[in-house]
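Each chain is listed here by its residues.
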Amino acid sequence: MSKDFGTMEVNEDAALAKANIIAVSDGAGGGGVFAERWSRYLLDNLPETPIASFIMLDEWIDGIWESFYKECEEKARQQGGMFLDKFYDEGSFATLAAVWRVSDVECRWMSYGDSVVFNYDTETGILQHSFAQLADFNNPPYLISSKDPLDNKGFRCGSFHTSPSSIVFAASDALSHAILALYKVDKQIAGCKDYDEELATAANLHTRNSMYIKSVLALHPVNFHKKIIDLTSACTDENQFKNIIKQMKADVIIATDDYSLAMMTGS
């Protein structure tokens, strides 16, 4: 599910959910053009087997970019002027986070940029994910370009061990930041000290994201388990999904952005 709320801007996210593959791509509208087309194009051409290395990602992009470029070049020429110049100078940009189920008990994932993949075990309450620290959401994300080389520092990959109690999902950055903040604050309230330093650092950076973390810290109780069950269950109910996001915005725990979520069931 990919939605924007309360803005007149184009939703540049794309989401994909198939039997054994889920993915989200966040088109970066702050630079370049055709971001919404590029994010959709990446997901429409996603391979059926895992992208398990930076070399594999690089080779895949190398094999698909030209068709996209030629089609969009013609559209850019029709608009001409500064738009065409921007297309030639910058191209299109997007993040990518994808998960492939390879067996009943294993999923393999890759990410490039600040879209995130997750594995939540509803029995143990443990959340695994592909990102680093909350503070890293403040850094410019690595982006897949339609015309420029990739940077291997932006690539991550790994695997999740899954069970019938697993919820495997992927989300774009605003929703991912809120999910990780909720989880880590919930653990902190429960007495876990593992995230104390990370939360303190991220909350005191004087950024927009710091405000959202402080709002999460003010929640008592957080009840992450209920929130993530409600959120993932709402993937099949657009109105319910909208209402959850609206409440998160009212609680000032999530940025105003596009909100994409793709989910697959456990084994």
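Residues numbered from 1 in each chain as written. Predicted model: local features only at pLDDT ≥ 70, side-chain atom pairs only at ≥ 80, totals over all residues. Heavy atoms only, no water.

Moving on to the overall build of the protein chain. What the protein chain contains, in helices and strands, is 8 helices and 12 strands. A compact globule built from 267 residues should have a C-alpha radius of gyration of about 18 Å, and the protein chain, at 18 Å, falls within 12% of that. Summarising its shape, the C-alpha atoms of the protein chain cover approximately 55 × 40 × 35 Å along the three principal directions. A total of 267 residues make up the protein chain; the buried ones form 49% of that total. Considering only intrachain contacts with a sequence separation of at least 6, the fraction spanning at least 24 residues in the protein chain is 73%. When the accessible surface of the protein chain is summed, it comes to about 12,400 Å², and 49% of that surface belongs to carbon and sulfur atoms. On the protein chain, the mean spot of the 23 positive side-chain charges and the mean spot of the 38 negative ones are 3 Å from each other. (Helix = DSSP H or I, 4+ residues; strand = E, 2+ residues; numbered from the N terminus. Rg over C-alpha atoms; globule rule 2.2 N^0.38 Å. Buried < 20%, exposed > 50% of the residue type's maximum accessible area, 1.4 Å probe, protein only. Contact = heavy atoms within 4.5 Å. Areas by Shrake-Rupley, 256 points an atom, 1.4 Å probe, with all protein chains shown as cover. Lys, Arg positive; Asp, Glu negative; His and termini not counted. Charge placed at Lys NZ, Arg CZ, Asp CG, Glu CD.)

Of all hydrophobic cores here, the largest spans 43 residues; its most connected members are Leu127, Phe169, Leu175, Ile179, Leu231 and Met248. Only β7 (116-121), β11 (166-171), α4 (173-189), α5 (196-203), α6 (208-217), α7 (224-233), α8 (238-250) and β12 (258-265) provide two or more residues apiece to this core. Once residues lying within four places of it in the same chain are set aside, the contact partners of Ile179 are Phe118, Leu127, Phe169, Phe224, Ile228 and Leu231. Core analysis: the next-biggest nonpolar cluster, separate from the first, contains 31 residues, Ala23, Phe34, Trp60 and Ile64 among them. (Core = buried A, V, L, I, M, F, W, Y, C linked by side-chain atoms within 4.5 Å.)

What follows concerns the packing of aromatic side chains. Counted according to the given criterion, the structure contains 16 aromatic pairs. Their ring planes at 70 degrees and their centres at 6.2 Å tell us that Tyr112 and Tyr142 sit as a pair that is edge-to-face. Taken together, the residues span a long stretch of sequence, with Tyr112 in strand β6 (residues 106-112) and Tyr142 in the loop between β8 (127-129) and β9 (144-145) at a distance of 30 residues. When the centroid spacing of 4.1 Å and the interplanar angle of 25 degrees are considered together, the rings of Phe131 and Phe137 count as stacked. Site record: aromatic cluster; members linked through ring pairs are Phe34, Trp65, Tyr69, Phe83, Phe87 and Tyr88. (Phe/Tyr/Trp six-rings, centres within 6.5 Å; stacked < 30°, edge-to-face > 60°.)

Below, the discussion takes up the sheet that holds strand β2 (residues 13-17). Ordered in space as β2-β3-β5-β6-β10, the 5 strands form an open sheet in which the pairing is antiparallel. Both edges of this open sheet fall to β2 and β10 (155-161), since each of them pairs with a single strand only. For this sheet, the mean angle separating the axes of adjacent strands, direction not counted, is 10 degrees. As paired elements, β6 and β10 share 7 bridges and run antiparallel to each other. In the sheet register, Ser111 faces β10, and the bridge partner there is Arg156. (Pairing = 2+ DSSP bridges. Axes fitted to C-alpha atoms, helices over the stretch in contact; angles between N-to-C directions.)

With an omega of -5 degrees, the peptide bond between His220 and Pro221 qualifies as cis. Non-glycine residue Asn223 carries a positive phi angle of around 55 degrees. Take Asn223: it is sitting in the loop between α6 and α7. Positive phi, close to 55 degrees, is recorded for Val252, a residue that is not glycine. Structurally, the position occupied by Val252 is in the loop between α8 and β12.

Here we come to the pattern of salt bridges. What the rule picks out here adds up to 11 salt bridges. With its nearest N and O atoms 3.3 Å apart, the salt bridge here joins Arg40 to Asp44. One end of the pair is Arg40 and the other is Asp44, both in helix α1 (residues 35-44) and 4 residues apart, which spans about a single turn. Note on Arg40: relative accessible area 31%, which makes it partly exposed. (Salt bridge = Lys/Arg side-chain N within 4 Å of Asp/Glu carboxyl O.)

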